Amino acid sequence: MDDQTIKRLLTLAFKCSPGDLSILEIALQNLDGQRLVTSLGSPNFYFWSACVENGFMERLEDLILPLAQGEMPSPAFAITPSGFESMEELYALIRHHYDPRDYHMSKIYNELAYPFVENFYKAVDDGNGRNEDVETLIALLLYRLISRRYPANLHDDKLMFIAGQTRQILKNGGSQ
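Heads up: these notes are all about the structure in this document. This is a predicted model, so every value here is computed, not measured.

The subject of this paragraph is the packing of aromatic side chains. Here a ring pair, both rings aromatic, is described through the centre-centre distance and the interplanar angle of the planes. For the structure shown, the criterion picks out seven aromatic pairs. Between phenylalanine 14 and tyrosine 98, the aromatic rings sit 6.0 Å apart at their centres with planes inclined by 40°, giving tilted as the arrangement. Taken together, the residues phenylalanine 14 in the loop between α1 (3–13) and α2 (18–29) and tyrosine 98 in the loop between α4 (84–97) and α5 (100–126) connect sequence positions 84 residues apart. The exposure class assigned to phenylalanine 14 is partly exposed, which follows from its relative accessible area of 30%. Taking relative accessible area as the criterion, tyrosine 98 reaches 14% and is therefore assigned buried.

Shown next, in the form of structure tokens:
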């Protein structure tokens, strides 16, 4: 595998939950070409689809799962015999570099923090808020976050650390 392929596959793998990745670990322990099933549009679906593009896995016929509201197609995959060794190497890299905390922090950001900011600005705008109001609300929110997490003797240090991180993120155009 070339570096670009590895980087792309690892990026997709790191979007998977620890439970998602455990399915791959089980499949690699069973050499009989176990069928892996996931949900359409899930992180596993995108990761495994990229593995199909690289010849490490194959897409099988979807399983149709019965639901109370009807049926749901569930994409199925299997590791190819020729891709087994590559998948073992890839999984070793995942295990070496994967930190479940990164997954959970990304999930918190994507599902809680990002929508909060969008709703926050909409609420301020709907209330005819000004920039000064936004600044005051951000200060109050930051106060609540810091005061609930850290003892009083660390407030100044944490505030300076957060301000420094924010400056760096803004300097990098929003990417960390």
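Text resumes after the structure shown.
Inspection of the secondary structure puts asparagine 44 in helix α3 (residues 43–53). Separated by 85 residues in sequence, asparagine 44 and glycine 129 place their C-alpha atoms 42 Å apart. Not counting residues up to four positions away in its chain, the partners in contact with asparagine 44 are Cys16, Asp20, Ile23, Thr38 and Ser49.

The rules behind the values
- Residues numbered from 1 in each chain as written.
- Predicted model: local features only at pLDDT ≥ 70, side-chain atom pairs only at ≥ 80, totals over all residues.
- Heavy atoms only, no water.
- Phe/Tyr/Trp six-rings, centres within 6.5 Å; stacked < 30°, edge-to-face > 60°.
- Helix = DSSP H or I, 4+ residues; strand = E, 2+ residues; numbered from the N terminus.
- Buried < 20%, exposed > 50% of the residue type's maximum accessible area, 1.4 Å probe, protein only.
- Contact = heavy atoms within 4.5 Å.

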